[in-house]
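Commentary on secondary and tertiary structure
Next come the chains, spelled out residue by residue.
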Amino acid sequence: MIRFGIAGFGLHAVRRLMPGFALSQKCCVTALSRRGLTTAKESAAQYRIPLAFDSIEELCRSSEVDAVLVTTPNSCHFSDVLAAVKAGKHVLCEKPMAMNADECRQMVEAARQRKVALGIAHVFRFDESVNKIRELIKASAIGRPVFARSEFSFLAGPAHPRKWLYDAAIAGGGPIFDIGVHCVDTLRFILQDEVVRVSAIAARDAQSGTVESAASLALEFSRGTLGTVLVSYRAEYRTPLELIGDGGILRADDALNVEHPIEIQVRSNDGKLLREHADNKLAYALQVDAFADAIQGKSQFPAPGEEGWRNQEILDAALRSIQSGRIETVPDIPT
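Notes on the structure follow. Because the structure is a prediction, the values reported are computed rather than measured.

**So, the side chain of Ser33**
- Within the secondary structure, Ser33 is located in strand E2 (residues 27-33).
- Ser33 sits in the buried class, given a relative accessible area of 5%.

What follows is the structure, encoded as structure tokens:
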């Protein structure tokens with residue numbers, strides 16, 4: 001079993017990660033860290049985790065930890081990942097990978113130099129629904145993809161537990177960084193193609209502070225597909241996905257949802273309708289098990305640090321576009 005320490009044990013760990021570890025076949029959680037030792041010990045006792053620390057440095061010094069899952073606020077990812085890498089720990093970091101692409105570059109280079117695995121928790125790459133859609137697109141079920149649309153919304157009101165969501169110094173951006181990165185990554189993964197240009201517009205309101213409350217991104221992929229990403233903190237939870245090709249249409253309501261089964265519909269131009277069903281309940285377990293396999297050299301992790309870096313280049317380009325009002329080019333990353 002690969003022994004994980006969760007850095008920044010909070011809402012996400014409680015709602016998603018611990019249920020995922022409970023279903024894992026190859027991993028367990030042996031440690032956690034929080035900003036206060038008292039709260040860390042309380043969480044450890046509640047979830048029967050053996051070790052509790054008040055810093056990632058202490059967590060990384062533990063011989064009972066093989067890998068660190070970084071779930072701290074976005075602005076902490078850079079320093080926390082580098083701390084874990086310096087300690088020789090493998091690292092699975094939550095998205096967005098960092099605050100900007102240069103931080104991502106340094107994280108990737110540090111992991112390469114230290115020869116430890118660095119993965120980014122793009123969990124929807126482990127959704128059964130996403131993988132079925134990917135295979136359908138690969139099999140030309142709708143012909144050549146012309147349009148691809150991914151949306152993600154949830155209500156983030158004043159009572160939301162992540163109080164830092166509207167602070168650009170901590171969050172980096174609003175829903176573009178928080179959930180737009182999921183949409184971008186999902187489209188890249190499904191299409192198996194890269195974004196080369198981005199344009200974006202954003203809306204702000206009295207509550208959103210220094211970040212956007214909603215945004216629309218237009219993506220141009222290298223093989224000609226045009227993508228749209230719509231994200232918002234001002235609508236109920238929804239994650240629809242639609243791809244339109246020259247041979248048909250594929251759509252799924254709540255395609256990224258991990259809480260209930262998903263129906264995928266493929267309607268060809270001749271009127272034939274195919275229905276596929278998927279269940280994403282194992283996504284978080286599959287993610288950590290895949291990282292365990294990568295650590296042990298059994299397979300490559302589907303979302304290595306380089307993939308997080310590529311996504312960050314797109315997010316950065318979207319923010320530049322909002323400021324410039326122009327279409328922005330997405331730089332390629334060195335391999």
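There's plenty left to go through after this.
**A short note on the environment of Glu94**
- Examined against the element boundaries, Glu94 turns out to sit in the loop between strand E5 (90-93) and helix H5 (101-114).
- The buried category is assigned to Glu94, whose relative accessible area is 9%.
- A C-alpha to C-alpha distance of 28 Å links Glu94 and Phe147, two positions 53 residues apart in sequence.
- For Glu94, the contacting residues outside a window of four places in its chain are His12, Leu17, Val70, Thr71, His77, Ile120 and Ala121.

**A look at the sheet that holds strand E1 (residues 2-7)**
- Strand order in this open sheet of six strands is E3-E2-E1-E4-E5-E6, and the pairing throughout is parallel. The open sheet has two edge strands with one neighbour each: strand E3 (51-53) and strand E6 (118-120). On average, adjacent strands in this sheet sit at an angle of 25° to one another, irrespective of strand direction.
- With three bridges joining them, E5 and E6 adopt parallel strand pairing. Pairing of Leu92 across the sheet is with Gly119, part of E6.
- The strands touched by helix H2 (residues 37-46) are E2 and E3; relative to E3, the strand with the most contacts, the crossing angle is about 160°.

**Focus: the pattern of salt bridges**
- Within this structure, the stated rule accounts for 27 salt bridges.
- Where Asp185 meets Arg125, a salt bridge forms, and the shortest distance between an N and an O atom there is 2.8 Å. Placement of the pair is Asp185 in helix H8 (residues 175-191) and Arg125 in the loop between E6 and helix H6 (128-138), with a sequence separation of 60 residues.
- Take Arg125: its relative accessible area is 6%, and that puts it in the buried class.
- Between Arg320 and Glu328 there is a salt bridge whose closest N-O contact spans 3.7 Å.
- Overall, the relative accessible area of 34% leaves Arg320 in the partly exposed class.
- Each of Arg125, Asp185, Arg188, Glu194, Glu307 and Arg310 takes part in salt bridges that share partners, so that together they form one network.

**Some details on the nonpolar core**
- If you look at the biggest cluster of nonpolar residues, it comprises 81 residues, and the most contacted ones within it are Phe4, Ile6, Phe21, Leu217, Leu219, Leu243 and Leu250.
- Sort the elements by how many residues they give to this core and H8 lands first, with ten residues.
- Ignoring any residue separated from it by four or fewer positions in sequence, one finds Phe21 in contact with Phe4, Ile6, Cys27, Cys28, Val29, Leu69 and Val288.

**Topic: the packing of aromatic side chains**
- Applying the stated criterion to the full structure yields nine aromatic pairs.
- Centre to centre, the rings of Phe4 and Phe291 are 6.3 Å apart; their planes meet at 45°, and the pair counts as tilted. Of this pair, Phe4 sits in strand E1 while Phe291 sits in helix H9 (residues 283-295), placing them 287 residues apart in sequence.
- What links up through ring pairs into an aromatic cluster is the set Phe4, Phe21, Phe126, Phe291 and Phe301.

**Quick word on helix H10 (residues 305-324)**
- Here H10 contains 20 residues, and its C-alpha end-to-end distance of 28 Å stays within 8% of the 28 Å for a straight helix at 1.5 Å per residue.
- Across the 20 residues that make up H10, a large majority, 14, are buried.
- Positive backbone phi, at 75°, marks Gly325, one or two positions downstream of H10.

**Focus on the sheet that holds strand E14 (residues 273-278)**
- Reading across the sheet, the nine strands line up as E14-E13-E12-E11-E7-E10-E9-E8-E15 and stay open at both edges, with mixed pairing between neighbours. Single-partner strands in this sheet number two, and they are E14 and strand E15 (328-329).
- Taken together, the six bridges between strand E13 (residues 262-268) and E14 define a ladder with antiparallel strand orientation. From the neighbouring strand, Gln265 faces E14, where its bridge partner is Arg275.
- On top of the sheet, H6 reaches strand E7 (145-153), strand E11 (241-245), strand E12 (248-252), E13 and E14; it is set at about 145° to E14, its chief contact.

About the cut-offs
- Residues numbered from 1 in each chain as written.
- Predicted model: local features only at pLDDT ≥ 70, side-chain atom pairs only at ≥ 80, totals over all residues.
- Heavy atoms only, no water.
- Helix = DSSP H or I, 4+ residues; strand = E, 2+ residues; numbered from the N terminus.
- Buried < 20%, exposed > 50% of the residue type's maximum accessible area, 1.4 Å probe, protein only.
- Contact = heavy atoms within 4.5 Å.
- Pairing = 2+ DSSP bridges.
- Axes fitted to C-alpha atoms, helices over the stretch in contact; angles between N-to-C directions.
- Salt bridge = Lys/Arg side-chain N within 4 Å of Asp/Glu carboxyl O.
- Core = buried A, V, L, I, M, F, W, Y, C linked by side-chain atoms within 4.5 Å.
- Phe/Tyr/Trp six-rings, centres within 6.5 Å; stacked < 30°, edge-to-face > 60°.
- Expected span 1.5 Å × (residues − 1).

Geometric values such as these leave the question of function open.
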